[in-house]
Amino acid sequence: MSAILNGIVCHGGLIPYAGTFLTFSDYARNAVRMAALMKLGVVFVYTHDSIGLGEDGPTHQPIEHLASLRAIPGMDLWRPCDAVETATAWGVALENRDGPRCLVFTRQAVVHEERDAAQIAAIKRGGYVLIDSKGVPDAIVIATGSEVGIAAEAVRALAAKGKNVRLVSMPSTTTYDRQDAAYRDSVLPPAVTRRVAVEAGVPLTWWHYVGLRGEIVGIDHFGASAPAKDLFKAYGFTADHVVQAVEKVLSR
C-alpha cells in the first residue's frame, strides 16, 4: 500500500494518502524510507498510536515507532492533540509537497484545548505555548498527542499550588526544530532548565528537549492487553504522575 502511494506521486496528478495502525509502519518501512529519500509528497496516516490501543495487546501497541519515524531524514511527523491541531497537520501535509508527512492519531477520546488566534497560527511551527505561566516559568512541560490533555490537567493542578509552569504542545518536533532560534527560545527559554516531557512512547528523542536536569514521562517497555484507562494508570500516564515529575525537577 505504501509503495503504491509512492508510485502515484511519481506518476503525478494526485495527492495520495492511506492509513493503517502505527505499529504496522514496520511492515512498510522500506517504502516509507524511499518516500523520504525520493522527496515524495505522500501522506502516511497512522492511527492507534500508543498503549491506548488497549485490548489488542503489545503486538499492536506502538512503543518505539514515533522515535523511529522521526529519525528518518526528510520525514515530518505530526502527532496532534485534538481537532484543531489535526486540521493544521492536514493543511501542512497538503501545502508542502517537498517530502512525506506522517500524521499520527490516537484511538481514545481527547479533550479540546482552548486557544486564541495567535496560538492557532503557531501550531504550524510544530511547537507552541498552549498554557503559559505568570512571568518566567519555574518549569516547562512538553507534551504531544493524547498526553497533552493529561499534561494540561497537571499544569492546572500545579498552578493551583502556586507553581508557575508552562505547557508546550509539540505536535511536530521535526517542524519545530526547523524554526529560527528566536522562536524556539521563546517557546523553550534556555534559562528554564527544569523541564518534563510527556509522550506515550520511548523517551529516546526527548532528552534533546528536557536536558540532563529534566524528566520524561514515557514508556521503555512493551505494553499489555487491558483497557486503555487501566494501562495509562499502570504505566504512569496520569496527571498526578506528571505533577510528581514536575515537583521532582523543581526540587533539584
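Residues numbered from 1 in each chain as written. Predicted model: local features only at pLDDT ≥ 70, side-chain atom pairs only at ≥ 80, totals over all residues. Heavy atoms only, no water.

This brings us to the packing of aromatic side chains. Evaluation of the coordinates by the stated rule reveals 7 aromatic pairs. Residues Tyr 17 and Trp 90 carry aromatic rings whose centres are separated by 5.5 Å and whose planes lie at 85° to one another, so their mutual orientation is edge-to-face. Remark: Trp 90 occurs in helix H4 (residues 83-95) and Tyr 17 occurs in strand E1 (residues 17-21); sequence separation between them is 73 residues. In this structure Tyr 17 comes out as exposed when scored by relative accessible area, which is 54%. By relative accessible area, which is 25% here, Trp 90 ends up partly exposed. Seen in terms of ring centroids, Phe 24 and Tyr 27 are 5.4 Å apart; in terms of plane orientation they differ by 10°. Their pairing is stacked. A relative accessible area of 23% means that Phe 24 is categorised as partly exposed. An aromatic cluster of at least three residues, connected via ring pairs, comprises Phe 21, Phe 24 and Tyr 27. (Phe/Tyr/Trp six-rings, centres within 6.5 Å; stacked < 30°, edge-to-face > 60°. Helix = DSSP H or I, 4+ residues; strand = E, 2+ residues; numbered from the N terminus. Buried < 20%, exposed > 50% of the residue type's maximum accessible area, 1.4 Å probe, protein only.)

For the rest of this paragraph, the subject is the pairing of strand E4 (residues 101-104). Here E4 shows two buried faces, one formed by Arg 101 and Leu 103 and the other by Cys 102 and Val 104. Pairing analysis gives 4 bridges linking strand E2 (residues 43-47) to E4, with the strands arranged parallel. Across the sheet, the residue bridging to Tyr 46 is Val 104, located in E4. Relative to E4, strand E3 (residues 76-78) is paired through 3 bridges, and the arrangement is parallel. Note that in E4 the partner of Leu 77 across the bridge is Cys 102. Traced from E3 through H4 to E4, the parallel crossover comes out right-handed. (Pairing = 2+ DSSP bridges. Right-handed = clockwise from strand over helix to strand, strands pointing away.)

With that out of the way, let us pick up the nonpolar core. Within the largest apolar cluster, 60 residues are counted, with the highest numbers of intra-cluster contacts made by Val 141, Leu 167 and Leu 188. Looking at this core, the element that brings in the most residues is helix H6 (residues 147-160), giving 7 residues. Those residues in contact with Leu 188, other than ones at most four positions away along the chain, are Ile 140, Ile 142, Val 168, Met 170, Tyr 176, Arg 195 and Tyr 209. With 18 residues, the next largest nonpolar core counts Val 32, Phe 44, Tyr 46 and Ile 72 among its residues. (Core = buried A, V, L, I, M, F, W, Y, C linked by side-chain atoms within 4.5 Å. Contact = heavy atoms within 4.5 Å.)

This part takes up the sheet that holds strand E5 (residues 128-131). Spatially, 5 strands are ordered E5-E7-E6-E8-E9 in an open sheet, and the strand pairing comes out mixed. Here the strands that pair on one side only, and so sit at the sheet edges, are E5 and strand E9 (215-217). Across this sheet, the average inter-strand angle for adjacent strands is 30°, counted without regard to direction. Running at roughly 170° to strand E7 (residues 165-169), H6 makes contact with E5, strand E6 (139-143), E7 and strand E8 (195-198) of the sheet. Here helix H11 (residues 239-250) sits on the sheet and contacts E6, E7, E8 and E9; the angle it forms with E9, its principal contact strand, is near 175°. (Axes fitted to C-alpha atoms, helices over the stretch in contact; angles between N-to-C directions.)

With that settled, the discussion passes to the packing of helix H1 (residues 2-11) against helix H2 (residues 29-37). Taken N-terminus to C-terminus, the directions of H1 and H2 make an angle of 25°; their axes are 8 Å apart at the nearest point. Looking at the two axes, H1 sits roughly parallel to H2. Of H2, the residues touching H1 (which contributes Ser 2, Ala 3 and Asn 6) are Ala 31, Met 34 and Ala 35. Per-class residue counts for the contact of H1 with H2 are 4 nonpolar, 2 polar and no charged. (Parallel < 35°, antiparallel > 145°, perpendicular 65-115°, else oblique. Nonpolar A, V, L, I, M, F, W, Y, C, P; charged D, E, K, R; others polar.)

Here we take up the sheet that holds E3. A sheet is described by the order of its strands in space; here 4 strands give the open sequence E1-E2-E4-E3, paired in parallel fashion. Strands at the two margins of the open sheet, each flanked by one partner only, are E1 and E3. Across this sheet, the average inter-strand angle for adjacent strands is 20°, counted without regard to direction. Sitting on the sheet, H4 is in contact with E1, E2, E3 and E4, with an inclination near 165° to E4.

This paragraph deals with the pattern of salt bridges. All told, the structure shown has 16 salt bridges when counted by the stated rule. Put simply, Arg 79 and Glu 147 hold a salt bridge, and the shortest N to O gap is 2.6 Å. With a gap of 68 residues between them, Arg 79 in the loop between E3 and H4 and Glu 147 in helix H6 connect regions that are remote in the sequence. A salt bridge links Glu 85 to Arg 115; the shortest N-O distance between them is 3.6 Å. Here the residue Glu 85 occupies a position in helix H4, and Arg 115 occupies one in the loop between E4 and helix H5 (117-122), the gap between them amounting to 30 residues. (Salt bridge = Lys/Arg side-chain N within 4 Å of Asp/Glu carboxyl O.)

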